[in-house]
Amino acid sequence: MRYLVFVPLSVFMLVVFGGIVCCQRPAVVNIGAIFTFNSVIGRAAKVAMEAAVSDVNADPMILNGTELKLFMRDVKCNVFMGSIEAFQLIEKEVVAIIGPQSSSIAHMISEVANGLKVPLVSFAATDPTLSALQFPYFIRSTQSDSQQMAAMADLIDFYGWKEVIAIYVDDDYGRNGISALSNMLEKNMAKVSYKLPLPVQFNQHDITVLLNNSKPLGPRVYVVHVSPDPGLRIFTTAQKLQMMTNNYVWLATDWLSATLESFSKMNQTSLRILQGVVGLRQHTPDSIPKKAFLSRWSGMQQKGLVSAGLNTYGLYAYDTVWAVARSIDKFINEHNITFSASHELPDSKATRVQLEQLKVFDGGTFLLRKLLQTNFTGLSGQVQFNQDRNIVSRGYDVINIDKMEIHRVGYWFDGSGFSVLPPETLKGKNVSHSQLDWKLQNITWPGGKTETPRGWVIADNARPLRIGVPRRASFVGFVTEEHDSHKVQGYCIDILLEALKLVPYDVPYKFELFGDGLSNPSYDGLVKMVANDVFDAAVGDIAIVTNRTKIVDFSQPYISTGLVIVAPINNHKASAWVFLKPFTVEMWCVTAASFVMIAVVIWILEHRVNDDFRGPPRRQIATMFLNNCDSNLKHPTVGGKFVLRKLLGTGLGFSDLVYVSVTVVTLLCFSDSCLLSVFVLNQISLAILEEATVSSLGRFVMVVWLFLLMVITSSYTASLSSILTVQQLSTSVKGIESLITNDWPIGYQVGSFAYSYLSDSLRIQKSRLISLGSPEDYERALRQGPRNGGVAAIVDELPYVQLFLSNQTDFGIIGQPFTRSGWGFAFQRDSPLAVGMSTAILKLSENGMLQKLHEKWFCKEGCPEERRQHSEPHQLRLISFWGLYLLCGTITFTAFLVFLLRMVCQYVRYKQQQMHPHSPSSSSSFSTRYSKAVFNFFDFIDEKEEAIKKMFTQCDYPQVHGSSGR
């Protein structure tokens, strides 16, 4: 029974005392720091870490009575010294090491950290090859250069540069950073053309030699990736060598911003040599704690406690201490800090090295886990680590040095690109990832210009681009060689030259002809020569087809094309409205408007003298247009009756003018004899002049109108006859299917890919394919037809067909294009020029230059597309008769103006006689008769001419009229 009581009691005591032991907090926790004290980063980091340790120990919420003790070691930028100092720190039984700032030292110490299970947290080692897989105890509390080089590559792509020169320090930091840049540029179809390394301890001579060697090279975009340099020796030397002018572009990684931020205000004059330089700076959001610490730093500077300014790496060092302290606080709440000898270390008795003093941190794995779970807001922003054990990316600031000031022109954030808004303001918003939405403020480049530099010059030792050009024997408008000057010209060449103007770098080139000029060369052979490095590029009417894209890269198509079928066609189809085809719509409209105008003017001229034009308004309108129209339209022989009436001496009224016009059109359209039509027209004209009109002005206008009518109707007859009697052509070719199923011969252009497509893809027998070399051969073969040694149809690309049909009306395109492709320029695989030319071609399309070049070469006599819109070759257009219409309109207007002036004069005379009569009796008689009938000018015009004349006669001779009245 006592045993039963003793066992539970023992277990209870073990749990209680064990818990007390486990929860027992140490009085002091040691951590170490390895970095170079006398450096741009080290001077800021040392003070920042000391301030962080002081703040941690002063905060009762952290470590709760346990003192955090920091041991700092100066490695003096030496890998060997870094290794020694790391071992010395391990002897101090540190639970974590902060640093180093050097990537090369980090590679060495990370191996030590792995073996002794001590977490290594670096605030400045940015080498992207420091991976979590190789170094599981390495944690990076700053951003990796893989992120920085992605930002740099996007910056280069944003301004359209395709080749850059990289200047870097030849160590792990420099080499691996530039390697990351190369990988990022390749994704944007750009490249690091030249890598120029500097020694780790480089001097002024090394820089001078390196920059002088880069001068003969073509690229003018420099990316500088070195360690922070307070002397700015690279830019100082570049300025002496006249390399800070507007032909150059200088881009710097965040080493430059760290250097500039460490300057005191007295050293700001050094910014003069950095005019136009663009750099990156790790983004740290503005916050109240950050502003308070900056103010605290300024106070220490004023007291002489700090000699350098606070840079971004100083903020990271401060936050790193807090991250380690928070993790230790959580760790000691659950575990004891213990060290033990490693069984993996070799026996110290076999060597003189005191390896037994190196102990493994037993809780290293647990502390590492706590570090990776860190999540708090520090001076530099949110402190949190991702799966690669790097701090979560906060993006970069893009800075520009102009007029001795540092300007922030935008921000870069992974996933959203460039923006003028800080990354933290974009969180939670629907941000576009399209490059079209990227924005940066205006940048001032070297030389003080705001225009983006081209970033390229012709290299002193550069080999000109070898451009292969087909020497065509037909359709030479696309590309050809002038026999006199041996100059290459053509539609394709002009597009190339215009596109090269828009490429952001100079491209030296020379044309090399391909082919003998007697027949069109093989375009497949031309493309293969580009792939075999005989040519660097090929320019011409080169179709982009599948087999060619497998061996070369093509630019954006500059013209859409495809294979089409050309055959004899039926141009004229039967139509119920064929009688409308002789005139265009404009011609019909102008003729109808002229008819209405003449009718109105004749009515005005005849209204006062012709009784047929008087009466109620309905009757007058009918007189002008439709008098007896309904009854006469029921009798088809009305035109003949009018002619007979005139020939028999019967009177003909003006109201029959409409039917005279109908008679004229009927006779001219359906009479077999043109002379008879003209004779009848002359007879009708005389009838109208003698019978229909009374006033001389009306007859004068009618003469001109009948002359115009005679010319128009004669032309209409001739055009309609031509349309109705033209020989109709037809073809039995309905499309590509009919060509495949029949055994007709098919024509194709020599050298075109149409031959391989028809034979290989469509399985048409090669014996049926007839090669044709010129447009003349096309026409001859189509006219001969398949039974007379010709072809049933021709299969060729659309641009050639359009040029051929521009002078042909008997042939046309059957159906729609049965392949879709385009013409482009061919380049060697992975050539960055292909992308640059594609962008340039798109710009040519947007600004209308492609259309202008097309019109220049193929629309000298009107574009084929415009001519096809007027499919009737015999249509009469207004431009052919505008002179007649102008003459008729001028004479009609003159007659109307004479009539109007005459009426004004009569009205003035009438008003004068009304105000100053010759006798009272005449005045009384005049007023009594006309005062009620005539009130204004329009009423006066409405009076008959005979009545007005009689009124004036009575006024002039009152006694004669008065005596006669008695």
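Up top is the structure these notes are about.
This one's a predicted model, so the numbers in the text were calculated from it and none came from an experiment.

**Q** With reference to specific residues and values, describe the packing of helix α11 (residues 312-332) against helix α12 (residues 364-372).
**A** The interhelical angle for the contact between α11 and α12, taken along N-to-C directions, is 125°, at an axis separation of 9 Å. Relative to α12, the element α11 is oriented oblique. In this structure, α11 crosses over α12, and the sense of that crossing is right-handed. Contacts between α11 and α12 involve Ala323, Val324, Ser327, Ile328, Lys330 and Phe331 from the former and Phe366, Leu367, Lys370 and Leu371 from the latter. Classifying every residue of the contact of α11 with α12 gives seven nonpolar, one polar and two charged.

**Q** Kindly report on the pattern of salt bridges, identifying the contributing residues and their values.
**A** Applying the stated rule across the entire model yields 25 salt bridges. Between Glu512 and Lys510 there is a salt bridge, with its nearest N and O atoms 3.6 Å apart. When its relative accessible area of 24% is taken as the criterion, Glu512 is described as partly exposed. Three or more residues are tied together by salt bridges with common partners; here these are Glu261, Arg281, Asp397 and Arg408.

**Q** Residues and numbers for the pairing of strand β26 (residues 746-749), please.
**A** Residue alternation in β26 divides its side chains into two sets, Ile746 and Tyr748 and Gly747 and Gln749, and both sets are buried. Across four bridges, the pairing between β26 and strand β27 (residues 769-772) is parallel. Counted as the bridge partner of Ile746 is Leu769 from β27. Regarding topology, helix α24 (residues 754-761) serves as the crossover connection from β26 to the parallel β27, and that connection is right-handed. As paired elements, β26 and strand β28 (residues 793-797) share three bridges and run parallel to each other.

**Q** If you had to explain the sheet that holds strand β21 (residues 509-514) to someone new, which residues and values would you point to?
**A** Across the sheet, which stays open at both edges, the five strands sit in the order β21-β18-β22-β31-β23 with mixed pairing between neighbours. Each edge of the sheet is formed by a strand with only one pairing partner; in this case those strands are β21 and β23 (553-554). Here β23 pairs with strand β31 (residues 826-827) via two bridges, running antiparallel. Bridged to Phe554 within β31 is Ala826.

**Q** Give me the sheet that holds strand β6 (residues 163-169): which residues, what numbers.
**A** Sheet architecture is open: eight strands sit in the order β7-β6-β8-β9-β10-β15-β16-β17, paired in mixed fashion. The two strands at the open ends of the sheet, each matched to only one other strand, are β7 (191-198) and β17 (417-419). Sheet twist, expressed as the average angle between the axes of neighbouring strands with direction ignored, equals 30°. Note that β6 and β7 share seven bridges and pair parallel. Paired with Tyr168 across the two strands is Pro197, which belongs to β7. Each of β6, β7, β8 (221-225) and β9 (249-252) touches helix α8 (residues 233-240); the most contacted strand, β9, lies at about 175° to it.

**Q** Now, about the nonpolar core: what can you tell me, with residues and values included?
**A** Tyr491, Tyr558, Leu739, Phe825 and Met837 are the most contacted members of the largest nonpolar core, which has 81 residues in total. No other element matches the seven residues that helix α13 (residues 491-502) contributes to this core. When residues no more than four places from it in sequence are discounted, the contact partners of Leu739 are Ile565, Val733, Trp744, Ile746, Arg768, Ala793 and Val795. Counting 78 residues, the second-largest nonpolar core is a separate cluster that includes Ala33, Phe138, Phe331 and Leu367.

**Q** Please set out helix α25 (residues 775-784) residue by residue, giving values where relevant.
**A** Every buried residue of α25 is listed here: Tyr778, Ala781 and Leu782. End-on view of α25: buried residues confined to an arc of 95°, all on one side of the axis. Looking at the buried side of α25, the elements it contacts are β25 (563-568), β26, β27, β28, α26 (798-805) and β29 (811-814). Remark: Gly785 follows α25 within two positions and exhibits a positive phi of approximately 80°.

**Q** How would you sum up the packing of aromatic side chains? Please name residues and give values.
**A** Summed over the entire model, instances satisfying the criterion amount to 35 aromatic pairs. A ring pair is formed by Phe293 and Tyr318, whose centres lie 4.8 Å apart and whose planes are at 50°; its orientation type is tilted. One end of the pair, Phe293, is in helix α10 (residues 288-302); the other, Tyr318, is in helix α11, with 25 residues separating them in the sequence. With respect to burial, Phe293 and Tyr318 carry one shared label: buried. Through a chain of ring-to-ring contacts, three or more aromatic side chains come together here, namely Phe475, Phe478, Tyr491, Tyr558, Tyr778, Tyr800, Phe804, Phe811, Trp823 and Phe825. Cation over ring: Lys46 sits above Phe37, and NZ or CZ is 5.8 Å from the ring centre. Taking the ring centre of Phe376 as reference, the NZ or CZ of Arg326 above it sits at 4.5 Å.

**Q** Tell me about helix α14 (residues 523-531), and name the residues and values.
**A** Three or four residues apart is the spacing at which side chains of an α-helix point the same way, because the helix has 3.6 residues per turn. By the burial criterion, the buried members of α14 are Tyr523, Leu526, Val527 and Val530. End-on view of α14: buried residues confined to an arc of 95°, all on one side of the axis. Lining the buried residues of α14 we find β18 (465-470), β21, β22 (537-538), α15 (546-549), α26 and β31. Positive backbone phi, at 70°, marks Asp533, one or two positions downstream of α14.

**Q** Can you lay out the packing of α13 against helix α28 (residues 849-858) for me, pointing to particular residues and giving the numbers?
**A** Contact geometry of α13 with α28 gives a least axis separation of 10 Å together with a crossing angle of 150°. Here α28 runs roughly antiparallel to α13, going by the angle between their axes. Relative to α28, the crossing made by α13 is right-handed. Facing Tyr491, Asp494, Ile495 and Glu498 of α13, the residues of α28 in contact are Met849, Leu850, Leu853, His854, Lys856, Trp857 and Phe858.

**Q** Talk me through unusual backbone geometry; I want residue IDs and the actual numbers.
**A** Residue Pro100 follows Gly99 across a cis peptide bond; omega there is -5°. Inspection of the secondary structure assignment puts Pro100 in the loop between β3 (97-98) and α4 (103-116). A positive phi is found at Asn64, a non-glycine position, where the angle reads about 50°. With respect to the helices and strands, Asn64 occurs in the loop between α2 (40-58) and β2 (67-74). Its relative accessible area of 54% is what places Asn64 among the exposed residues. In this structure, Cys77 takes a positive phi of about 55° despite not being glycine. Among the secondary structure elements, Cys77 is positioned in the loop between β2 and α3 (79-91).

Rules used in this analysis
- Residues numbered from 1 in each chain as written.
- Predicted model: local features only at pLDDT ≥ 70, side-chain atom pairs only at ≥ 80, totals over all residues.
- Heavy atoms only, no water.
- Axes fitted to C-alpha atoms, helices over the stretch in contact; angles between N-to-C directions.
- Helix = DSSP H or I, 4+ residues; strand = E, 2+ residues; numbered from the N terminus.
- Parallel < 35°, antiparallel > 145°, perpendicular 65-115°, else oblique.
- Left-handed = near helix turned anticlockwise from the far one by under 90°.
- Contact = heavy atoms within 4.5 Å.
- Nonpolar A, V, L, I, M, F, W, Y, C, P; charged D, E, K, R; others polar.
- Salt bridge = Lys/Arg side-chain N within 4 Å of Asp/Glu carboxyl O.
- Buried < 20%, exposed > 50% of the residue type's maximum accessible area, 1.4 Å probe, protein only.
- Pairing = 2+ DSSP bridges.
- Right-handed = clockwise from strand over helix to strand, strands pointing away.
- Core = buried A, V, L, I, M, F, W, Y, C linked by side-chain atoms within 4.5 Å.
- Arc of directions from axis to C-beta.
- Phe/Tyr/Trp six-rings, centres within 6.5 Å; stacked < 30°, edge-to-face > 60°.
- Lys NZ or Arg CZ within 6 Å of the ring centre and 35° of its normal.

Shape is all these values report; function is a separate question.
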